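Fold and geometry: a report
These are the residues of each chain, in order.
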Amino acid sequence: MNKPVEATQMSAVGNKQKKAYSLSAFRILVVEDYPFMADLISTMLREFGVGNIVQASSGNEAREMIMLFNSDETSRNKIDLVLLDWLMPDGDGLELLKWLRGHKKDSIRFLPSVLCSAYASEDVVVAGRDNGANEVLVKPVSAQKLASRLLYVIDKPRPFLKVPGFFGPDRRRRIEEYKGTERRITKAEDIKSYHERL
Amino acid sequence: MNDSDGDKIEIFHRVNRLKLKAGASLHDGAGFIDSGAINRAQGIIETKQSLYPKIVEESLRKLEKSWNNFKTASSDELRNSSMEEIYHTANHIKDLASTFNYELMQHFAVSLRDFSERIDVTRKEHHIIVQAHNDVMWVVYNENIKDHGGTKAEELKLIVAKAIEKYS
């Protein structure tokens, strides 16, 4: 039996009462060239309660969809999140990400994006982040993984940075300060002095 | 850090609209997705498992067609185009097999996908490697071999490994 997935994957002990999210107002774009996978992901999202799911089978089709739904900054029917496959024959996921992040409209360039990758290497995660992905989901897709990535985007949004050569979510994960009692046997000063003696 | 105009860093803290849209307030802590919904979503993968043989067969036929097109192609451009199809189809088979835990099929699909990225389409020896992948993937399908282990699986992996070693 699966446990409810939380973005932090931490115990609820000591936290405020957690809230069950309703995703019925969400519109998610699934960009996947393999129809079977596109349908599988869409069906799982529907089970999570996502109200509106749109599919695109290529980068070009995805651009058209995004322009259609998100060009009007004031629209209430905008796509809220994009799940995009890395490998596609007609313009890959990274190209689509670059297009998103380079767009002049805020409703497009800030669009949260989860990059799905068939490659599991760290390089892929880094490349995804360097191209502006909010999160990277390594395939195979499972319900737990998908829910976890959605919750990361909802609960842990990173500020966007614009620096020379990059626009996208901050690539650094926030380091949570340890608030528990000191349990180290060796003090930090002793470690420092040991290194200085070497 | 240089903060001249050219190297200026801008930070955008946006209102978390997704959280609001999910029915929470901005001050709420982390939320969750109902575990029943997650179980049902996982159940969908299990339900679709019965479709695997049919879908993987279609993909293997597509692979075979692209490979035949490759072999009869009259130019390197056409060969490259067919090889790109093989690359993407192998990646689809990988996605499919990994979703349903067909480890051996996943292994060969990854191997073919990665090899088709670095193939020299003009080298006949490289064609033998692609053919070896196609052949063993059909055997894996026809004999419904799921896992890595077992004598037959080891034998098939050895065939491909030897082909790669000899003809790369």
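Throughout what follows, the structure given in this document is the object of discussion. (Residues numbered from 1 in each chain as written. Chains lettered and ligands numbered in written order. Predicted model: local features only at pLDDT ≥ 70, side-chain atom pairs only at ≥ 80, totals over all residues.)

**Some points on the overall build of chain A**
Within chain A, the secondary structure is distributed over seven helices and eight strands. Looking at chain A as a whole, 39% of its 198 residues qualify as buried. Long-range contacts, defined as pairs at least 24 residues apart, comprise 62% of the intrachain contacts of chain A with a sequence gap of at least 6. (Helix = DSSP H or I, 4+ residues; strand = E, 2+ residues; numbered from the N terminus. Buried ≥ 20, exposed ≤ 12 C-beta atoms within 10 Å, placed from the backbone. Contact = placed C-beta atoms within 7 Å.)

**What about the interface of chain A and chain B?**
Opposite the 51 residues of chain A that make contact, chain B presents 42 residues. For the side of chain A that touches chain B, the secondary structure elements donating two or more residues are β1 (5-6), α1 (35-48), α6 (143-155) and β7 (160-163) of chain A. Partitioned by chemical class, the residues of the side of chain A that touches chain B number 33 nonpolar, eight polar and ten charged. Two elements, β7(A) and strand β1 (residues 10-12) of chain B, share three bridges in a ladder whose sense is antiparallel. Within β1(B), the residue paired with A:Lys162 across the bridge is B:Glu10. (Nonpolar A, V, L, I, M, F, W, Y, C, P; charged D, E, K, R; others polar. Pairing = 2+ DSSP bridges.)

**Digging into the nonpolar core**
With 58 residues, the main nonpolar core has A:Leu29, A:Val31, A:Phe48 and A:Leu83 as its most contacted residues. Among the elements of the structure, β2 (27-31), α1, α2 (59-70), β4 (81-85), α3 (93-101), β5 (113-117) and α6 of chain A together with α2 (35-48) of chain B are those that each provide at least two residues to this core. Of all hydrophobic cores here, the second largest spans 30 residues; its members include B:Tyr87, B:Ala90, B:Leu112 and B:Val140. (Core = buried A, V, L, I, M, F, W, Y, C linked by C-beta atoms within 7 Å.)

**Section: the packing of α1(A) against α2(B)**
In contact at an axis separation of 8 Å, α1(A) and α2(B) are set at 155° when each is read in the N-to-C sense. Compared by their axis directions, α1(A) and α2(B) come out roughly antiparallel. For α1(A) against α2(B), the interelement crossing comes out right-handed. Along its contact with α1(A), which presents A:Leu40, A:Thr43, A:Met44, A:Glu47 and A:Phe48, the element α2(B) presents B:Ala37, B:Arg40, B:Ala41, B:Ile44, B:Ile45 and B:Lys48. Counted by class, the contact of α1(A) with α2(B) contains seven nonpolar, one polar and three charged residues. (Axes fitted to C-alpha atoms, helices over the stretch in contact; angles between N-to-C directions. Parallel < 35°, antiparallel > 145°, perpendicular 65-115°, else oblique. Left-handed = near helix turned anticlockwise from the far one by under 90°.)

**A short note on the sheet that holds β4(A)**
Residues and elements named next belong to chain A. If you trace the five strands from one edge of the open sheet to the other, you get β3-β2-β4-β5-β6, paired in parallel fashion. Unpaired on one side and paired on the other, β3 (52-56) and β6 (135-138) mark the two borders of the sheet. Across the sheet, the mean angle from the axis of one strand to that of its neighbour is 20°, orientation sign disregarded. In the sheet, β4 pairs with β5 via four bridges, with the strands oriented parallel. Within the sheet, the bridge partner assigned to Leu 83 lies in β5 and is Val 114. The sheet strands contacting α6 are β4, β5 and β6, and the helix crosses β6 at an angle near 175°.

Limitation: the analysis is restricted to geometry and does not speak to function.
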